[in-house]
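Below are the chains, spelled out letter by letter.
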Amino acid sequence: MSFVSMNGGCIEVIVGSMFSGKSEELIRRMRRAEIARQRVQVFKPLIDKRYSEDHIVSHSDLRMKSETVEKADEILEKVDPRTEVVGIDEAQFFDATIVAVCNRLADMGKRVIVAGLDKDYLGKPFEPMPELLAIAEYITKSMAICVICGAPANYTQRLVQNEERVLVGASGVYEARCRRHFDPTLSVPGLSKR
Ligand code: ADP
């Protein structure tokens, strides 16, 4: 993969279900850039307090220092002009402004690597990820392993009954499922077949 453009700026998007390795992949790319002595900064939205407020943390416990922002615009305020690579995790929790922010950063010549869930607990597209996918130069779709049958898992099964779109949690609250074993009715009170 080459990352050559007029000013070096580009957008890479990493999407997939929970547990598919998006954060691991983001951390891997950021670490390689650091090893190559590039200046990097990682941001995440305030809403994701699952494991740490000043690190992004994968489900496999890889971690990397990050800065927390309440709104996407704050990334532009906090980004150092010398930063060459900007990482953004859990991008699905930002509003549509994140799209313009990523475009701006890429136009400034920065390599922008954005990771986020492409679908919510009902299997519906999780905005603003579809817009980010449309403007990205490079897209990586990652999959987990279905905990029921071992097939590639493209869906995040919510295991508790709750209709909030944003319900932060990890194992015990969510698990990876393939198309055959994903059942969105499980998480909707009154609709569950079980
Ligand atoms: P994401 O950011 O996509 O939620 P992470 O990078 O945080 O994913 O975590 C990926 C890790 O999750 C895997 O390396 C593995 O250790 C763990 N994991 C837990 N459940 C599964 C599963 N069903 N399939 C694959 N990996 C899983």
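This text goes with the structure placed above it.
So, how was this worked out
- Residues numbered from 1 in each chain as written.
- Predicted model: local features only at pLDDT ≥ 70, side-chain atom pairs only at ≥ 80, totals over all residues.
- Heavy atoms only, no water.
- Buried < 20%, exposed > 50% of the residue type's maximum accessible area, 1.4 Å probe, protein only.
- Helix = DSSP H or I, 4+ residues; strand = E, 2+ residues; numbered from the N terminus.
- Pairing = 2+ DSSP bridges.
- Contact = heavy atoms within 4.5 Å.

## Quick word on the pairing of strand β1 (residues 10-16)
The element β1 is largely enclosed, with a buried count of seven among its seven residues. Side chains Cys10, Glu12, Ile14 and Gly16 of β1 all project onto a buried face; the interleaved residues Ile11, Val13 and Val15 project onto the opposite face, where all are buried too. In terms of strand pairing, β1 meets strand β7 (residues 111-117) through seven bridges, oriented parallel. Pairing of Cys10 across the sheet is with Arg111, part of β7. Inspection of the sheet shows β1 paired to strand β8 (residues 138-142) by five bridges, in the parallel sense. Directly across from Val15, in β8, lies its bridge partner Lys141.

## Here we look at the environment of Thr83
Examined against the element boundaries, Thr83 turns out to sit in the loop between α2 (73-78) and β6 (85-88). For Thr83, a relative accessible area of 5% translates into the label buried. The spatial distance from the C-alpha of Thr83 to the C-alpha of Gln41 is 6.7 Å, given a sequence separation of 42 residues. Not counting residues up to four positions away in its chain, the partners in contact with Thr83 are Arg39, Val40, Gln41 and Lys110.

## A few points about the environment of Val86
Summarising the element assignment, Val86 is placed in strand β6. Overall, Val86 belongs to the buried group, its relative accessible area being 0%. Note: C-alpha distance between Val86 and Ile113 (27 residues apart in sequence) is 6.2 Å. Setting aside anything within four residues of it in sequence, one finds Val86 in contact with Met30, Gln41, Phe43, Val79, Leu105, Lys110, Arg111, Val112 and Ile113.

## Some thoughts on unusual backbone geometry
In this model, Glu127 is joined to Pro128 through a cis peptide bond whose omega is 5 degrees. On the secondary structure map, Pro128 appears in the loop between β7 and α4 (129-135). Phi is positive for Arg37, close to 60 degrees, though the residue is something other than glycine. Position of Arg37 among the secondary structure elements: in the loop between α1 (22-35) and β2 (40-45). A relative accessible area of 75% means that Arg37 is categorised as exposed. Backbone geometry places Glu90, a non-glycine residue, at a positive phi of 55 degrees. Counting through the fold element by element, Glu90 comes out in the loop between β6 and α3 (97-107).

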